[in-house]
Amino acid sequence: MNYTLRKFVKTTGLGLACLILLILFSSCNSKIKKPNIIFIMSDDHAEQAISCYGSNLIHTPNIDRIAKEGILFKNSFVTNSICAPSRAVLLTGKYSHMNGLRDNRDEFDGSQVTFPKLLQKAGYKTNIIGKWHLKTNPTGFNDWKILIDQGEYYNPVFVENGEEKQYIGYTTDLITDKAIEMLEQRDKNKPFCLLVHHKAPHRNWMPNAPHLEAYNNKDLPLPETFYDDYSNRSPAALTDMRIDDMFLSFDLKLKKGFYKKETGTGGNAKFAPNAENAWQITYERLTEDQRKAWDAHYNLISEKYQKANLSGKDLLEWKYQRYIKDYLCCILSIDEGVGRLLDYIDETGLTENTIVIYTSDQGFYLGEHGWYDKRFMYEESLSMPLVMRYPREIKAGQISEDMVLNLDFAPTFLDYAGVSIPQEMQGESIRSLTHQKKSNDWRTSMYYHYYEYPHGWHNVNRHFGIRTQRYKLIHFYGDIDSWELYDLDKDPYEINNLYADPAYTGIVKNLKTELKKLQQKYEDRDENIQF
Ligand SMILES: [Ca+2]
C-alpha cells in the first residue's frame, strides 16, 4: 500500500475507504464498459460505390479506413429494401410486419420500444442528425435535428427538436458540421450514441459544387448486366426503374430548351408530368453563387447533348454516364464527412472507446439490370455496406462472411451497452462475430419481405424470399404469382432463373421448407403469403 493510500485508509477508516474505492472502481469500470456509438448511415449508397468493397467506380479512403481499422461485413443485408422501412427496422430490431412500417406510406409508431430509448435509460445521451423520413417526430432522443421528409441537397430546412430552421449550404457538409457540433457539446460524463443520417446519395443526385467536375474526363465502365433482357423474370421486366426511362430534367439535369421534350417516365405516372417543374423549383432554391457553379457545369453538358443528337444505345449510355457521375460525386462529400468525423474522434481522444459504423439504409442499382433504385431482393439492393471500428474490442483488418441484417443493429448496440435485449427484438447481436470466433449457431439463411405495391414508385411487385450463402428463392405475389431461384455461386448476377429447372427441384423443396420456418420464426402470418 503506498503512502497516499495508507493515509487515506487511516483518515477515513478501513470500511469506509473500501466502500469509496469500490464506488470509484465500479464507476470507472462502467465507463469502460459503455462504449460511445457513432452510427453513420447514408441513403441509397451501394456497395458497388465503396472502394473497400472492390468498387471500380470510386475511391472512398475514409469509409475504407473504418474497414481497415476494424471489420467489413461482406454479407450484410436489408430485410425490406426501401428507405423508411429500413429505418424502422434499425430502430426497433423488428421486421416490418412487426414494427408496423411496411412501406414509405406508413407512419412510424414512436411509442414502440427502440434502442435509443433503452440506451437513454441506461445513461446514454442519444442524438440524431439528418434524414429521418418516418413522418412522426423522433422519440428516444435527447437532441434531434432532422430533415423534412427526403430533405434537400442544398439549403435544407432542419426541424430541430420541433422547430424549423433553414441553413444555407450543402446538406451533406451541414450534417457533418452539426454532428461535430453535437459531439463538441456532449456531456463528457455520459456515454453517447449519435446517429448521423445522410440524405445523399438519394435521387436526384445533386453533387456539391467543388465536386461537379470530378468525373469530367473519365467515363465509367458499364456494369455486366446493363443490357439485361429480363428473360424468364417477368416482375423485373414489368418494373419502371430503367435508366433509359429517367427524366432528362429532374434526374439528368438538362437545361430546358436544350432537349425537345421530356421523355422520361421516372417510375411514377403521377409525378411524370411534373418532373420538369419539380426540377425547376429545386434549381431555383439554389443561391446565386450555387447556381453559377451549376450553370458552369450543366450548361456545357446541355449544349453538348443538343449537338450530339443521340438516340438508341448511344442515348442510353449517355444517360448512364450522366446518372453515375452525379451519383458518385455525391458520395465524395459523404466520404469527406466520414473522414472529418474520424479525425475529430481521433483528435479528441475518443477513438478507443467509440464504436464507429458506416452503412446505408439499403443497396442500389448502379446500372445493373439497366436500373437505378432498389426494392428487389436481388443482390445489389439487398446488400447494405457495413464497416465497423471499435479498437477496444475489434481487431483491425477483419472481413466477415457471416450473414448480418439491419435487424441486428438494435440488439448489437444494446449488447455493447450492457443492456438486456428485449424478447420482442428479432435480430441478433453481431458482437460475437467481430471476435473472429465463428459462431456455430449463427443464422445460415435470411428472410426478406417487400411491400410497396401497387402504390408508390417503380412498379416492383410485392415479394418475399430466402437467401442462403449459395441460393436465393423469391416469390412475387399479389396480382402476380411467380417464383425465382438463383444459384449465386454459378450466377452471381441473377439472370438465370432456375425455378423451373428439374435439376433444382430438391433444392427448391428444401428452401421452401426453410422459408416457412423463417416465416414462423419471425411471425410473418400475412394471409397473402401462404404457399
Ligand atoms: Ca434509401
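Residues numbered from 1 in each chain as written. Predicted model: local features only at pLDDT ≥ 70, side-chain atom pairs only at ≥ 80, totals over all residues. Heavy atoms only, no water.

Enquirer: Sorry if this is basic, but what is going on with the overall build of the protein here?
Expert: Scanning the protein for helices and strands turns up 14 helices and 14 strands. A compact globule built from 531 residues should have a C-alpha radius of gyration of about 24 Å, and the protein, at 25 Å, falls within 12% of that. Oriented by its inertia axes, the alpha-carbon framework of the protein measures out at about 90 × 65 × 40 Å. Burial statistics for the protein: of 531 residues in total, 60% are counted as buried. Long-range contacts, defined here as pairs at least 24 residues apart, represent 69% of the contacts in the protein between residues at least 6 apart. Of the roughly 22200 Å² of accessible surface on the protein, a fraction of 51% belongs to carbon and sulfur atoms. Averaged over its 65 positive side-chain charges, the protein has a centre that lies 6 Å from the centre of its 72 negative ones. (Helix = DSSP H or I, 4+ residues; strand = E, 2+ residues; numbered from the N terminus. Rg over C-alpha atoms; globule rule 2.2 N^0.38 Å. Buried < 20%, exposed > 50% of the residue type's maximum accessible area, 1.4 Å probe, protein only. Contact = heavy atoms within 4.5 Å. Areas by Shrake-Rupley, 256 points an atom, 1.4 Å probe, with all protein chains shown as cover. Lys, Arg positive; Asp, Glu negative; His and termini not counted. Charge placed at Lys NZ, Arg CZ, Asp CG, Glu CD.)

Enquirer: Just checking my understanding: could you explain unusual backbone geometry for this structure?
Expert: Leaving glycine out, the prevailing phi sign among residues is negative, and the prevailing peptide bond configuration is trans. A cis geometry characterises the amide bond from alanine 200 onward to proline 201, with omega recorded as -5°. Of the consecutive residues arginine 203 and asparagine 204, the connecting peptide bond is found in the cis state with omega at 15°. Its place among the elements puts asparagine 204 in the loop between strand 7 (192-197) and helix 8 (234-238). In this structure, histidine 133 is a non-glycine residue whose phi angle is positive, near 65°. Along the chain, histidine 133 falls in the loop between strand 3 (125-130) and strand 4 (143-147). Phi angles above zero are rare outside glycine, and histidine 458 is one such case at about 75°. Checked against the element boundaries, histidine 458 lands in the loop between strand 11 (445-450) and strand 12 (463-468).

Enquirer: How should I be thinking about the nonpolar core in this particular structure?
Expert: Within soluble globular proteins, side chains that are nonpolar generally end up buried alongside one another. Counting 164 residues, the largest nonpolar core has Phe115, Tyr323 and Tyr327 as the members making the most contacts within it. Excluding residues that lie within four positions of it along the chain, tyrosine 323 makes contacts with Trp205, Ile243, Met246, Leu252, Phe364, Tyr365, Leu366, Gly367 and Tyr372. (Core = buried A, V, L, I, M, F, W, Y, C linked by side-chain atoms within 4.5 Å.)

Enquirer: I tried to follow empty space enclosed by the protein on my own but got confused; where do I start?
Expert: Taking a probe equal in size to a water molecule and rolling it over the atoms shows the remaining empty space. If you walk through the whole model with that rule in mind, you get one cavity of 30 Å³ or more. Here the largest cavity defines a volume of roughly 30 Å³. Surrounding the largest cavity, Arg87, Leu90, Leu91, Ile128, Trp132, Leu134 and His197 form its lining. With three residues, the top contributor of residues to the lining of the largest cavity is helix 4 (residues 83-92). Residues belonging to the lining of the largest cavity are distributed by class as follows: five nonpolar, one polar and one charged. (1 Å grid on protein atoms, 1.4 Å probe; cavity = no way out; pocket = protein on both sides within 12 Å on 5 of 7 lines; lining within 4 Å. Points joined across faces, edges and corners; volume = space filled by probe spheres on them. Nonpolar A, V, L, I, M, F, W, Y, C, P; charged D, E, K, R; others polar.)

Enquirer: Looking at this structure, how should I read the packing of aromatic side chains?
Expert: Aromatic ring pairs are described here by two measures, namely the spacing of the ring centres and the angle between the planes. Across all of its chains, the model carries 39 aromatic pairs by this definition. Between the aromatic rings of phenylalanine 271 and tryptophan 457, the centroid separation amounts to 5.3 Å while the plane-to-plane angle is 50°, which identifies the pairing as tilted. With phenylalanine 271 in the loop between helix 8 and helix 9 (275-284) and tryptophan 457 in the loop between strand 11 and strand 12, this residue pair connects regions lying 186 residues apart in the sequence. When the ring of tyrosine 323 is compared with that of tyrosine 372, the centres are 6.4 Å apart and the planes differ by 65°; the resulting orientation is edge-to-face. Separated by 49 residues along the polypeptide, tyrosine 323 in helix 11 (residues 312-347) and tyrosine 372 in the loop between strand 8 (354-360) and helix 12 (379-382) bring together distant segments of the chain. Its relative accessible area of 0% is what places tyrosine 323 among the buried residues. (Phe/Tyr/Trp six-rings, centres within 6.5 Å; stacked < 30°, edge-to-face > 60°.)

Enquirer: How do you make sense of the pattern of salt bridges when you look at a structure like this?
Expert: Side chains carrying opposite charge are able to pair once their charged atoms draw close together. Across all of its chains, the model carries 35 salt bridges by this definition. We note a salt bridge from aspartate 43 to lysine 131, for which the minimum N-O separation is 2.3 Å. One end of the pair, aspartate 43, is in the loop between strand 1 (36-42) and helix 3 (61-68); the other, lysine 131, is in the loop between strand 3 and strand 4, and 88 residues separate them in sequence. Accessibility classification places aspartate 43 together with lysine 131 in one group, the buried group. (Salt bridge = Lys/Arg side-chain N within 4 Å of Asp/Glu carboxyl O.)

Enquirer: I would appreciate a short explanation of the coordination of the calcium ion in the present structure.
Expert: For a metal bound by four donors in tetrahedral geometry, the ideal donor-metal-donor angle is 109.5 degrees, whereas six donors in octahedral geometry ideally sit at 90 or 180 degrees. For the calcium ion, the full set of protein donor atoms is Asp43 (OD), Asp44 (OD), Cys83 (SG), Asp361 (OD), Asp361 (OD) and Gln362 (OE1), at a range of 2.1 to 2.7 Å. The class for aspartate 43 is buried, based on a relative accessible area of 0%. Taking the relative accessible area as the measure of exposure, glutamine 362 reaches 0% and is therefore buried. (Donors = N, O, S within 2.8 Å, 3.2 Å for Na, K, Ca; no water.)

Enquirer: Looking at this model, I keep getting lost on the sheet that holds strand 13 (residues 471-476). Mind explaining?
Expert: Two pairing modes exist for strands in a sheet, parallel and antiparallel, and in both the strands are linked by backbone hydrogen bonds. With respect to topology, four strands assemble into an open sheet ordered 11-12-13-14, the strand pairing being antiparallel. The open sheet terminates on both sides in strands that have one partner only, identified here as strand 11 and strand 14 (482-487). Each adjacent strand pair in this sheet contributes to an overall mean axis angle of 10°, direction not counted. Here strand 13 runs beside strand 14; their pairing, made up of six bridges, is antiparallel. The residue bridging isoleucine 474 from the neighbouring strand is glutamate 484, located in strand 14. Against the sheet, helix 14 (residues 505-521) engages strand 11, strand 12, strand 13 and strand 14, with an angle of about 110° to strand 12. (Pairing = 2+ DSSP bridges. Axes fitted to C-alpha atoms, helices over the stretch in contact; angles between N-to-C directions.)

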